[in-house]
Amino acid sequence: MTGHIVVGVDGSAPATAAVEWAAADAQRRGLSLRVVHVCRRRPEGASPPECAALLEAAVGRARRLTRDVKVTGERLDGHVVERLRAESERADSLVLGGRGRGGFAGMVLGSAGLALAGHAAGPVVIVRAPSPLRHDRVVAGYDGSDHSEAAMAYAVEQARARGAQLHVLYAWQVPLASPYAVGYGTVIEDARREEFHRAAGQAASWRERNPGLVITDEQVCDHPVSALAKASRTADLVVVGSRGLGGLASAVLGSVGHGVLHHVTCPVAVVRQRIEEES
């Protein structure tokens, strides 16, 4: 990871909330902040004048909210997803508003946004609106997969920087079975116990490696979207991996991911394992 956060802006209210979140995160974690706007060029080749104005406003907002944080801004041309994907390769994280206008219209709740969340080089944080309440709690969806390991590492860093508690959530769905399957209830109960025991052990391992951080864990029989949505009501940030196993499988790239982005109202960080970590 590098020492700067990138926030994409488009002049919308969620983008402003994203700037505020990114500025606070840069301040907490001692990183610089890069504000970018991908502007569509006119047929004659010139960028609309409002592009420069909205970028200047966003940079000014970030500077007013921070102290001793290096804040820079740049106007980019090209395809929004492609340019932001390239930005993510050199950034600690990429921060976006939950809905946008112009170049960012439908970015998060549509197919383009899901592609970016799943394929950006590092964490992508989706901010839907300013958070008026502070809960001092980060929630991480965890299932032991490589991507959820990367998500946990990011969640630990976020919790440390905030002086917050980290709550590790594992959601397990009861397998569907024929009502005529004799003795299947016992098999399901044994599987549940085994999965819960494994998840609790993995959470304990993170607790042992981070003795100065309060880490709680919970294993529930529930749909992952429902479990994360409930936990998010008292969270400042929800962190999930871009792909997973078991109860969190496809938590971002499939239908479950659509549910998370639609129903979790606090900021959501989608963390993809970096290529150098995979090799």
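- An unreviewed UniProt entry lists the chain under the name Universal stress protein, with Nonomuraea composti as the source organism.
- The UniProt entry for the chain carries the following text under Sequence similarities (unreviewed entry): "Belongs to the universal stress protein A family."

**Topic: the overall build of the chain**
- Tallying secondary structure elements over the chain gives nine helices and ten strands in all.
- By residue count, 52% of the 279 residues in the chain fall in the buried class.
- Accessible surface for the chain amounts to roughly 12,800 Å². Of this, 52% is attributable to carbon and sulfur atoms.

**Quick notes on the pattern of salt bridges**
- Evaluation of the coordinates by the stated rule reveals 16 salt bridges.
- Across the salt bridge formed by D25 and R28, the nearest N and O atoms sit 3.6 Å from each other. Taken as a pair, D25 and R28 lie in helix α1 (residues 13-29) at a separation of three residues, close to a single helical turn.
- Residue E189 is joined to R193 by a salt bridge in which the shortest nitrogen-to-oxygen separation is 3.4 Å. Of this pair, E189 and R193 both sit in helix α6 (residues 184-209), separated by four residues, roughly a single helical turn.
- Salt bridges sharing common partners tie together D25, R28, R29, D92 and E157.

**Notes on the pairing of strand β6 (residues 137-141)**
- Counted residue by residue, β6 has five buried out of five residues, so it is predominantly covered.
- Judged by which residues are buried, β6 turns out to be covered on both faces: R137, V139 and G141 on one side and V138 and A140 on the other are all buried.
- For the handedness criterion, the β-α-β arrangement of β6, helix α5 (residues 146-162) and strand β7 (residues 165-172) is classed as right-handed.
- Note: β6 against strand β9 (residues 237-241), three bridges, orientation parallel. Note on β9: the bridge partner recorded for A140 is V239.

**A closer look at helix α3 (residues 80-88)**
- Within α3, the full set of buried residues consists of V80, V81, L84, E87 and S88. Down the axis, α3 shows its buried residues gathered within 125° of arc, on one side only.

**Comments concerning the pairing of β9**
- Burial runs high along β9: five of the five residues are buried.
- Residues of β9 alternate between two faces, with L237, V239 and G241 on one and V238 and V240 on the opposite face, all of them buried.
- Bridging between β9 and strand β10 (residues 268-271) involves four bridges; their strand directions are parallel. Note on β10: the bridge partner recorded for V240 is V270.

Rules used in this analysis
- Residues numbered from 1 in each chain as written.
- Predicted model: local features only at pLDDT ≥ 70, side-chain atom pairs only at ≥ 80, totals over all residues.
- Heavy atoms only, no water.
- UniProt positions renumbered as here; feature names shortened; annotations may be inferred.
- Helix = DSSP H or I, 4+ residues; strand = E, 2+ residues; numbered from the N terminus.
- Buried < 20%, exposed > 50% of the residue type's maximum accessible area, 1.4 Å probe, protein only.
- Areas by Shrake-Rupley, 256 points an atom, 1.4 Å probe, with all protein chains shown as cover.
- Salt bridge = Lys/Arg side-chain N within 4 Å of Asp/Glu carboxyl O.
- Right-handed = clockwise from strand over helix to strand, strands pointing away.
- Pairing = 2+ DSSP bridges.
- Arc of directions from axis to C-beta.

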